[in-house]
Amino acid sequence: MGKNIVEKILQEHIVEGELVKGSSIGIRIDRTLTQDSTGTMAYLQLEAMGIDRVKTKKSVAYIDHNMLQQGFENADDHKYIQTVANKFGIYFSKPGNGICHQVNLERFSVPGDTLLGSDSHTPTAGGVGMLAIGAGGLDVALAMAGEPYNIKVPKVIKVELTGKLCPMVASKDIILEVLRRETVKGGVGKIYEYGGEGVSSLSVPQRATITNMGAELGATTSIFPSDEKTREYFKAQGRLDDWRELKADDDAEYDEIIKIDLDALEPMVAAPHSPDNIVKCREVSDVKVDQVAIGSCTNSSYEDLMKVAKILKGRKVKNDVSLVIAPGSRQVMEMIARNGALADIIASGARILENSCGPCIGMGQSPGTDAVSVRTFNRNFFGRSGTNSAKVYISSPEVAAVTALTGYITDPRDIDFDIDFSDISTDEFMIDDSMIIVPADTSTEVEVVRGPNIKPFPLNTALADKLSGKVIIKTGDNITTDHIMPSNAKLLPFRSNIPYLANFCFSTIDEEFSARSKDNPGGFIVGGDNYGQGSSREHAALAPLQLGIKGVIAKSFARIHKANLINSGIIPMEFENPEDYDLISQMDNIEIEGILEGIKNGKLVVTDKDRGVSFNVSVVFNKKEIEMLNAGGKLNSIKLKKGIGA
């Protein structure tokens, strides 16, 4: 029996367990990436492990999130990351060099290698045939320390592409179509592997857009073959030695096949407030737009911005529309500056932002009150833009650029001018890695600089056999990590200061959560389906830990957040009967006994003392996860094994 791409890479990297669907395995991680929003915590955790140098082939620390210098905090965090990276043998991408996923694709991606990143959009690198997975910072720190990464062997879903995209239909529309069919929770426990004759028509940047936004499916990752188009990309990047062919065997088997006819796709948008709320552009053509934002790790490549420049050339942005554009990397910015495309963009009335994540994570350019913003980003969760009342639509660069000209959401096929994109590809990218700092050969003489905003991360205590406390909050379905731990210009500078950050936990939907938690220590959170979807930020687990939360009971969990809860020693529990969710209310007193034995058997009994009812919850964990929970979290477990102390 032949193997698919996923099976081939997993087989090459498996170090623990067997490649059996649903079983737990440990895989060797070749490469890691962090960004400054999650990296500070990851490196504090790495330091606590007592190793001298990272054990991976290559690890890179990027600065791309916390770019606004409104105080000392961001600059201090950047200095800490640069010095700790230098000490531990980690490459450092300076502020301004670009967004981690764009730069990684350009300069560090390697087909067939494994990549673990402390950012949920790490699967971007799947566009060149990497097995690239987003994870919490602690998991990435452990990978840098040489520990295997543990996952359940996922189902592999083949997305079979046929035909070819029509003019003004983008690869963004492919992933929007997948999201329309699969939803934001449809990918849990799955990897999406793209194949079919339609793949050969897609460039690497187009593929990377699809794998990037595959994170919104809740999938473990997404991946494309490494083929002739991939080879062309690596040759143009001057990295042909890093390329290898990687494709599925002709008789490879899959758990499911999804077929998409590229000829039949048309421009779409994701309407507020979820990436799977998909509608055709023509269905919302009456929506008046106040802001358009182009960029992010999803759509900020050279190819994307050249298309935007061609649409904007000789035309003007609508008077009542603000258009902001953030190139994905210094390479992209320099290339469009030298070929004149940047001048065309500026002449249209667009505002040029730094080569960074920026508006995607609420770091500047928040829309006005009740404003409509069309963005080429990957997420439009409630409040993520920094304005709770804003309505955010997700689109392709083509839709966004045309919309900026018309002032309304516009299907780019309906404009009255013809644009030819056939000449925007390049055989040679401009190569300048001077903003990537090579680490010191030895760590002995490197001083790590810590600013006053860097505080110790919280550690849990060993698991008790009995827990009791109040339900501090009861939420609905699809609660995101943006709901749990908001990400915006006000709070991002404090990602290295969990005691302060915890004061704003759940603040977008319940401003009293933090205070109630402090008044009622040892409490619980109750959630609906797909609790914790979205970002990999472990702060959504660390802030509740700081506030004394002992467990989360939900109908189901998003993969990364569930892992982060376990890493923090917080028990994730799933209603055995989802209808039992209705039995429990906020501020009820609940009690759980026999926990130590119960997590071994996969079931606990929760009693609501106020209502006199009990119900079962599922707590199915593997041996390592049970060890982590018993120890009060993953770092405590590692310390116990290595004898580092409490």
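Quick look at the structure, then. (Residues numbered from 1 in each chain as written. Predicted model: local features only at pLDDT ≥ 70, side-chain atom pairs only at ≥ 80, totals over all residues. Heavy atoms only, no water.)

Some points on the overall build of the protein chain
For clarity, the threshold we go by: Secondary structure elements follow DSSP: runs of H or I of four or more residues count as helices, runs of E of two or more count as strands, with numbering from the N terminus. Buried residues are those whose accessible area, probed at 1.4 Å on protein chains only, stays under 20% of the maximum for their type, while exposed residues exceed 50% and partly exposed ones sit between those limits. Residues count as neighbours in contact if any of their non-hydrogen atoms are within 4.5 Å of one another. The Shrake-Rupley method, run with a 1.4 Å probe sphere, supplies the accessible areas, and residue values consider only the shown protein chains as cover. Positive charge is attributed to Lys and Arg, negative charge to Asp and Glu, and no charge count is given to His or to the chain ends. To locate a charge, take NZ of a lysine, CZ of an arginine, CG of an aspartate or CD of a glutamate.
A count of helices and strands for the protein chain gives 20 helices and 27 strands. Dimensions of the protein chain, computed from the C-alpha atoms along their principal axes, are close to 70 × 55 × 55 Å. Burial status across the protein chain gives 64% buried among its 646 residues. Sequence separation of 24 or more characterises 77% of the internal contacts of the protein chain that already satisfy a separation of 6 or more. A total accessible area of about 22600 Å² is found for the protein chain, and carbon and sulfur atoms account for 47% of it. Both charge centroids of the protein chain, one from 71 positive and one from 86 negative side chains, sit 2 Å from each other.

Remarks on the sheet that holds strand 2 (residues 24–27)
For the record, the criterion: Two strands are counted as paired when DSSP detects at least two bridges linking them. Helix axes are fitted only over the stretch in contact, all axes being lines through C-alpha atoms; the angle between N-to-C directions runs from 0 to 180 degrees.
Read from one edge of the open sheet, 3 strands run 1-2-8, paired in antiparallel fashion. One side of each edge strand has no neighbouring strand; the edge strands of this open sheet are strand 1 (14–16) and strand 8 (149–152). Mean inter-strand twist for the sheet, computed between neighbouring axes without regard to direction, equals 45°. Sheet analysis places strand 2 next to strand 8, joined by 4 bridges and oriented antiparallel. Paired with Ser 24 across the bridge in strand 8 is Lys 152.

Let's talk about the pattern of salt bridges
Let me state the cut-off plainly: Salt bridges are defined as contacts in which a side-chain nitrogen from Lys or Arg sits within 4 Å of a carboxyl oxygen from Asp or Glu.
For the structure shown, the criterion picks out 39 salt bridges. Measuring nitrogen to oxygen at the nearest pair gives 3.5 Å for the salt bridge that ties Glu 591 to Lys 466. Placement of Glu 591 in strand 25 (residues 589–592) and of Lys 466 in the loop between strand 20 (436–437) and strand 21 (467–474) is noted, with a sequence separation of 125 residues between them. Take Glu 591: its relative accessible area is 17%, and that puts it in the buried class. The residue Lys 603 makes a salt bridge to Glu 576 at a minimum N-O spacing of 3.6 Å. Pair noted here: Lys 603 is in strand 26 (residues 603–608) and Glu 576 is in the loop between strand 24 (571–575) and strand 25, with a separation of 27 residues, a long-range link.

Notes on the pairing of strand 3 (residues 31–35)
Our working definition: Orient the strands so they point away from the viewer, and a crossover whose first-strand-to-second-strand path over the helix runs clockwise is right-handed.
In terms of burial, strand 3 is largely enclosed, as 5 of its 5 residues are buried. Of the two faces of strand 3, the one carrying Arg 31, Leu 33 and Gln 35 and the one carrying Thr 32 and Thr 34 are both buried. Two elements, strand 3 and strand 4 (residues 58–62), share 5 bridges in a ladder whose sense is parallel. When the bridges of strand 4 are listed, Gln 35 appears paired with Tyr 62. Handedness of the strand 3-helix 2 (residues 36–48)-strand 4 crossover: right-handed. Where strand 3 meets strand 6 (residues 114–117), 3 bridges bridge the pair, whose relative direction is parallel. Considered in strand 6, the bridge of Leu 33 is made with Gly 117.

A closer look at helix 17 (residues 559–567)
Residues Ile 560, His 561, Asn 564, Leu 565, Ile 566 and Asn 567 constitute the buried set of helix 17. One or two steps after helix 17, the chain reaches Gly 569, where phi turns positive at roughly 80°.

Description of the nonpolar core
How we decide: Definition of nonpolar core: a set of buried residues of the types Ala, Val, Leu, Ile, Met, Phe, Trp, Tyr and Cys, connected through side-chain atoms within 4.5 Å.
If you look at the biggest cluster of nonpolar residues, it comprises 76 residues, and the most contacted ones within it are Tyr 43, Leu 46, Ile 90, Phe 506, Phe 513 and Tyr 531. Top element by residues in this core is helix 5 (residues 137–144). It accounts for 6 residues. Those residues in contact with Phe 513, other than ones at most four positions away along the chain, are Ile 472, Ile 473, Cys 505, Phe 506, Ile 525, Leu 547 and Ile 549. In terms of nonpolar packing, the next biggest core, distinct from the first, is built from 62 residues, Phe 108, Val 292, Ile 325 and Ile 436 among them.

So, the state of the cysteines
The condition is simple: Two cysteine sulfur atoms make up a disulfide if the distance between them is within 2.5 Å.
Taken as a whole, this structure holds 0 disulfides when the rule is applied. Cys 166 provides the cysteine sulfur closest to Cys 281, a residue in no disulfide bond, and the two sulfurs are 14 Å apart. Its relative accessible area of 1% is what places Cys 281 among the buried residues.

As for the sheet that holds strand 24
Pairing in this closed barrel of 7 strands is mixed, and the strands run 21-22-23-24-27-26-25 around the ring. Between one strand axis and the next, the sheet turns through 35° on average, direction left out of account. Bridging between strand 26 and strand 27 (residues 613–618) involves 6 bridges; their strand directions are antiparallel. The partner of Asp 608 across the bridge, within strand 27, is Val 613.

Some thoughts on the environment of Gly 362
By the element assignment, Gly 362 lies in the loop between strand 17 (351–352) and strand 18 (372–375). Taking C-alpha positions, Gly 362 is 29 Å from Gly 551, a pair spaced 189 residues apart along the chain. Ignoring any residue separated from it by four or fewer positions in sequence, one finds Gly 362 in contact with Arg 384, Ser 385, Gly 386, Ser 487, Asn 488 and Ala 489.

Some remarks on unusual backbone geometry
For the bond running from Pro 272 to His 273, omega is -5°, close enough to zero to count as cis. Looking at the element boundaries, His 273 is found in the loop between strand 13 (268–270) and strand 14 (278–280).

Description of the environment of Lys 235
Among the secondary structure elements, Lys 235 is positioned in helix 8 (residues 228–236). Taking the relative accessible area as the measure of exposure, Lys 235 reaches 54% and is therefore exposed. Taking the C-alpha atoms as reference points, Lys 235 and Arg 516, 281 residues apart in sequence, are found 57 Å from one another.

Some details on the packing of aromatic side chains
The criterion, for reference: Aromatic rings from Phe, Tyr and Trp, with only the six-membered ring used for Trp, were paired whenever their centres fell within 6.5 Å, and each pair was classed as stacked if the ring planes differed by under 30 degrees, edge-to-face if by over 60, and tilted otherwise. Distance and angle both matter: a charge sits over a ring if NZ of Lys or CZ of Arg is within 6 Å of the ring centre and within 35 degrees of the ring normal.
Under the definition given, this model contains 11 aromatic pairs. Note on Phe 575 and Tyr 581: the rings are 6.1 Å apart at their centroids and 80° apart in plane angle, and the pair reads as edge-to-face. By relative accessible area, which is 13% here, Tyr 581 ends up buried. Chaining the aromatic ring pairs together yields one cluster made of Tyr 233, Phe 234, Tyr 302 and Phe 429. The positively charged end of Arg 315 is found above the aromatic ring belonging to Phe 417, 3.5 Å away from the centroid.

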